[in-house]
Amino acid sequence: MIKKHYFYWILLFLSSLILLFIIAPLLKVVVGSLFVPNEHLFKDVEIWQSIKRTLVISFITTFIFSVGAIPLAYLLARYNFTAKWLVLGIINLPVVIPHAAAGIALLTVFSPSTSIGKFFSSIGLNIIDSPIGISFAMAFVSLPFLIQSVRVGFSKTPVSIEKAALSLGASPVKVFFKISLPLVWQNIITGYMLMFARGISEFGAIVIIAYYPMTSSVLLFERMNQFGLNYAQPIAAFIIIVSLLIFVILRLFTKNSE
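Residues numbered from 1 in each chain as written. Predicted model: local features only at pLDDT ≥ 70, side-chain atom pairs only at ≥ 80, totals over all residues. Heavy atoms only, no water.

Caption draft 1: View of the nonpolar core. Within the largest apolar cluster, 28 residues are counted, with the highest numbers of intra-cluster contacts made by Ile51, Phe110, Ile127, Ile134, Ala137, Ile206 and Ile209. When residues of this core are traced back to their parent elements, those giving at least two are α3 (45–78), α5 (99–110), α7 (131–156), α10 (185–201), α11 (204–209), α12 (216–227) and α13 (229–257). Discounting chain neighbours no more than four positions away, the residues touching isoleucine 206 are Ile134, Ala137, Met138, Tyr211, Thr215 and Val218. One finds Leu143, Phe154, Phe176 and Met195 within the second-largest nonpolar core, a separate group that totals 19 residues. (Core = buried A, V, L, I, M, F, W, Y, C linked by side-chain atoms within 4.5 Å. Buried < 20%, exposed > 50% of the residue type's maximum accessible area, 1.4 Å probe, protein only. Helix = DSSP H or I, 4+ residues; strand = E, 2+ residues; numbered from the N terminus. Contact = heavy atoms within 4.5 Å.)

Caption draft 2: Focus on the pattern of salt bridges. Inspection of the entire model under this criterion finds 3 salt bridges. A salt bridge links arginine 223 to glutamate 46; the nearest nitrogen and oxygen atoms lie 2.7 Å apart. Here the residue arginine 223 occupies a position in helix α12, and glutamate 46 occupies one in helix α3, the gap between them amounting to 177 residues. Relative accessible area serves as the criterion here: at 4%, arginine 223 is assigned to the buried category. Glutamate 46 sits in the partly exposed class, given a relative accessible area of 35%. Here arginine 198 and glutamate 202 are joined by a salt bridge, their closest N and O atoms 2.7 Å apart. Using a relative accessible area of 17% as the deciding quantity, one classes arginine 198 as buried. When its relative accessible area of 1% is taken as the criterion, glutamate 202 is described as buried. (Salt bridge = Lys/Arg side-chain N within 4 Å of Asp/Glu carboxyl O.)

Caption draft 3: Broad picture of α5. In a regular helix each residue adds 1.5 Å, so 12 residues correspond to 16 Å; α5 covers 16 Å between its end C-alpha atoms and thus fits that length. Those residues of α5 not exposed but buried are Ala102, Gly103, Leu106 and Phe110. Across the axial projection of α5, the buried residues extend over an arc of 100 degrees, all falling on one side. Those residues of α5 hidden inside the fold are in contact with α6 (115–122), α7 and α11. (Expected span 1.5 Å × (residues − 1). Arc of directions from axis to C-beta.)

What follows is the structure, encoded as structure tokens:
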């Protein structure tokens, strides 16, 4: 048996601290919820509706916004243009700004008092306190994950394959849909998964632009303020378990696809 170097044990110790930091609070919430009253959890229709609403809106948002996000990722991977660095910075900006600030930024554009908000209202679409507002908030904070994942995939794909197809008479449209996209489908699936997961976990931007109808994170926040920790803990545990199951299913789907 090969004796491990002391550096291995240092790495293991530091890694264990990080894992413990992540696992301990989650495990404490789930286990602790077993010892507090939780009868309300299964009787509260609003909880189930909020979870369903969150999942459905995040799922729809991911696919709708991917229609523009994937072409943008392709442009960033294949072409050099003036201020490309600025575009990349703008794309990543929602990741680093406080999400409450993101919600306020969205509010300044889509509130009923703005020209854009008035336009949407004139065609019967209300952004504030609506599923559309929730979708916009989710998309704003989660789009960078999809764009970057797909961009990396396109960057790693040899351009020579596309050029060969073009030289044989294939149109750019056919090359994009028949060659480029299939070569990065794993990155697209990963990007979908990351964007969807980030969407369902969003709180800060949503609570600013669309407090109602409540998503699961907003409902959890309200119940915590109204009834305290003992009431909110089982709800938090339930949401964590649901999120974990979704993540496991998505990872298994990605693994099987690979």
